[in-house]
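So you can see what is in the structure, the chains are spelled out below.
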Amino acid sequence: EAAESVVHGATTAPLDLAEPVADWPAAVARRDSVAIGQDDTAEAKAVAETGVVVVRGHGVLAGPGRVRVGDEELGAPAIVLDTGSAPVVPPIDGLDGVPHWTSDEALTSAERPARLVVLGAGPIGCELAQVYATYGSAVTVVDTSDAPVPREDPALGALLQTVLEATGVAFRLGVAAAAVEPVGDGLRLHLDDGSSVEGDRLLVVTGRKPATGGLGLETVGLEPGGAGEVVVDARCAAGPGIWAVGDVTGVAPYTHTANHQARVVLDEILGRPGHDQTPEALPRAVFTEPPLAATGLTEQQARDAGHDVVVAEVDLLTVSRAGAEGEGPLGPADASGGLLRLVADRTERRLLGAGAIGPGADEWIAEATVAVRARVPLEVMADVVRAFPTYAEAYTTGYRSLLDQLG
């Protein structure tokens, strides 16, 4: 997760200036420098200097309070599982015979394919598609959904598609991969509608799964959940004396989720008062340029949960900051604007979720996260004074719209 953020930040930061300021080799060098070669030697040394014993090896649970690493067995009253996740590679006929990556390889390779076919339009697929397109690859994204990031609001996904197409990314949506075959040094991906897409490399980013295989969960009486995750409670406890954090829990797969869960577990182990994990108010971000961000429930999720829903939309072109910068949030002033969507409960008069795409959305989504987490009344949020001129002023318009609809 951290590597994804580092690589994306290292290779797309020039997009803040609308065009790259360095070539691909320079971007890769910057990525590797920021990620320090994905070598944790320095971090391990710093941890060891605090008195922590660092043991290298493959750890396996060996019964309550026991972990085996090779021939060594360690014991402790508290064990925390943080084994992360692994890429999911679907069973596509012919895949083993063509050049292909998962996100793990795409985030570490120095290669820039001339033609890249991305299978999967989720957050990672969209981020990497923009990275490679920005640096000259001809990128085609294939997905069974009707819009990118299908777990988010469709209106946001549609705008993200517009952003990526402006970067040069092509989309083939509503189709599935049927088979793939080698063509010269590249490949041809056959789709279930009878068409095909050719490329020099296939990037498979169709999801990740919790890394629980061979972990020894059975030795402590635990069974993985339906998605293979370690099932935890609100305090991240999986069982007596054992906790889990991060992707292995199946909760929102973001580094900030793992960080929060780690704080919850630390307080629990040390006997300090603390807060539960709050998955309903965890921010989600797609680190494209501009970013897409969301928190809480989407409109459809809220309706499915039985809420009486009211929705407000704000086009970021109507916010003064867009005019101050001389262009629209997604490009020239005559282009489509960015968007903020607020989803509220009509009866409870509080925010259930929010989604946005536009400059800095990954930063100012934090305001909505607080509103969802603290169940702040809409009247209070509408009365918050926001700095002028900022994109956050869209919240003022949005909350007032919600109140107008409520009467």
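Let us look at the structure shown here.

Scoring rules and cut-offs
- Residues numbered from 1 in each chain as written.
- Predicted model: local features only at pLDDT ≥ 70, side-chain atom pairs only at ≥ 80, totals over all residues.
- Heavy atoms only, no water.
- Helix = DSSP H or I, 4+ residues; strand = E, 2+ residues; numbered from the N terminus.
- Rg over C-alpha atoms; globule rule 2.2 N^0.38 Å.
- Contact = heavy atoms within 4.5 Å.
- Areas by Shrake-Rupley, 256 points an atom, 1.4 Å probe, with all protein chains shown as cover.
- Lys, Arg positive; Asp, Glu negative; His and termini not counted.
- Charge placed at Lys NZ, Arg CZ, Asp CG, Glu CD.
- Buried < 20%, exposed > 50% of the residue type's maximum accessible area, 1.4 Å probe, protein only.
- Arc of directions from axis to C-beta.
- Axes fitted to C-alpha atoms, helices over the stretch in contact; angles between N-to-C directions.
- Parallel < 35°, antiparallel > 145°, perpendicular 65-115°, else oblique.
- Left-handed = near helix turned anticlockwise from the far one by under 90°.
- Nonpolar A, V, L, I, M, F, W, Y, C, P; charged D, E, K, R; others polar.
- Patch = residues over 30% accessible without salt bridge, like charges linked within 9 Å, V, L, I, M, F, W, Y side chains within 5 Å.
- Salt bridge = Lys/Arg side-chain N within 4 Å of Asp/Glu carboxyl O.
- Pairing = 2+ DSSP bridges.
- Phe/Tyr/Trp six-rings, centres within 6.5 Å; stacked < 30°, edge-to-face > 60°.

Description of the overall build of the chain
Within the chain one finds 12 helices and 21 strands. On C-alpha atoms alone, the chain measures out to a radius of gyration of 23 Å, which is about the 22 Å that the 2.2 N^0.38 rule sets for 407 residues. Over its C-alpha atoms, taken along the principal directions, the chain stretches across nearly 65 × 60 × 40 Å. A fraction of 63% describes how many contacts in the chain between residues 6 or more apart in sequence connect residues 24 or more apart. Carbon and sulfur atoms make up 53% of the accessible area of the chain, which totals about 18,900 Å². Taken together, the 28 basic and 58 acidic charged side chains of the chain have centroids lying 4 Å from each other.

Side note on helix H2 (residues 24-34)
Side chains three or four residues apart in an α-helix point the same way, a direct result of the helix having 3.6 residues per turn. Those residues of H2 that fall on the buried side of the exposure criterion are Trp 24, Ala 27, Val 28 and Arg 31. Along the axis of H2, the buried positions cluster into a sector of 100°, meaning they face one direction only. Among the exposed residues of H2, those pointing more than 90 degrees away from its buried face are Pro 25 and Ser 33.

Quick look at the packing of helix H5 (residues 123-134) against helix H6 (residues 154-167)
Two quantities define a packed helix pair, namely the angle between the helix axes and the distance between the axes. Closest axis-to-axis distance for the H5/H6 pair is 9 Å, and the angle between their directions is 20°. For the element pair H5 / H6, the angle class is roughly parallel. The way H5 lies across H6 gives a crossing that is left-handed. On H6, the residues touching Cys 126, Gln 130, Ala 133 and Thr 134 of H5 are Leu 160, Val 163, Leu 164 and Thr 167. Considering only residue class, the contact of H5 with H6 consists of 5 nonpolar, 3 polar and no charged.

A look at a nonpolar patch on the surface
Judged by side-chain polarity, Val 80, Leu 266, Ile 269 and Leu 270 come together as a nonpolar surface patch covering roughly 330 Å² of accessible area. In terms of residues, the nonpolar patch owes the most to one element, helix H7 (residues 255-270), which gives 3 residues. Along the polypeptide, Leu 266 turns up in helix H7.

A look at the sheet that holds strand S16 (residues 242-244)
Pairing is mixed across the open sheet formed by 3 strands, whose spatial order is S4-S16-S15. Pairing within the sheet leaves two strands with one partner each, and these edge strands are strand S4 (79-81) and strand S15 (237-239). Ignoring strand direction, the axes of neighbouring strands in this sheet form an average angle of 35°. Pairing analysis gives 3 bridges linking S4 to S16, with the strands arranged parallel.

Focus: unusual backbone geometry
A cis amide bond, omega 0°, links Glu 289 with the succeeding residue Pro 290. As for its placement among the helices and strands, Pro 290 is situated in the loop between strand S17 (284-286) and strand S18 (292-296). For the peptide bond that leads from Phe 388 to Pro 389, omega is -5°, which places it in the cis range. With respect to the element layout, Pro 389 can be found in the loop between helix H11 (378-382) and helix H12 (394-406). The phi angle at Val 149 is positive, at roughly 40°, despite the residue not being glycine. Inspection of the secondary structure puts Val 149 in the loop between strand S8 (138-143) and H6. Notably, Arg 375 is not glycine yet its phi reads approximately 55°, a positive angle. As for its placement among the helices and strands, Arg 375 is situated in the loop between helix H10 (361-374) and H11.

Focus on the sheet that holds strand S3 (residues 72-75)
Read across the sheet, 3 strands follow the order S1-S2-S3 without closing on themselves; strand pairing throughout is antiparallel. The open sheet has two edge strands with one neighbour each: strand S1 (59-61) and S3. Across the sheet, the axes of successive neighbouring strands diverge by a mean angle of 30°, strand direction being ignored.

Here we look at the packing of aromatic side chains
With the rule as written, the count across this model stands at 5 aromatic pairs. Their ring planes at 40° and their centres at 6.1 Å tell us that Trp 101 and Tyr 132 sit as a pair that is tilted. Here Tyr 132 lies in helix H5 and Trp 101 lies in strand S6 (residues 100-101), a separation of 31 residues in the sequence. Of the two residues, Trp 101 and Tyr 132, neither departs from the other in class, the shared state being buried. Taking 6.1 Å as the distance between ring centres and 20° as the angle between the ring planes, the aromatic pair formed by Tyr 395 and Tyr 399 counts as stacked. One end of the pair is Tyr 395 and the other is Tyr 399, both in helix H12 and 4 residues apart, which spans about a single turn.

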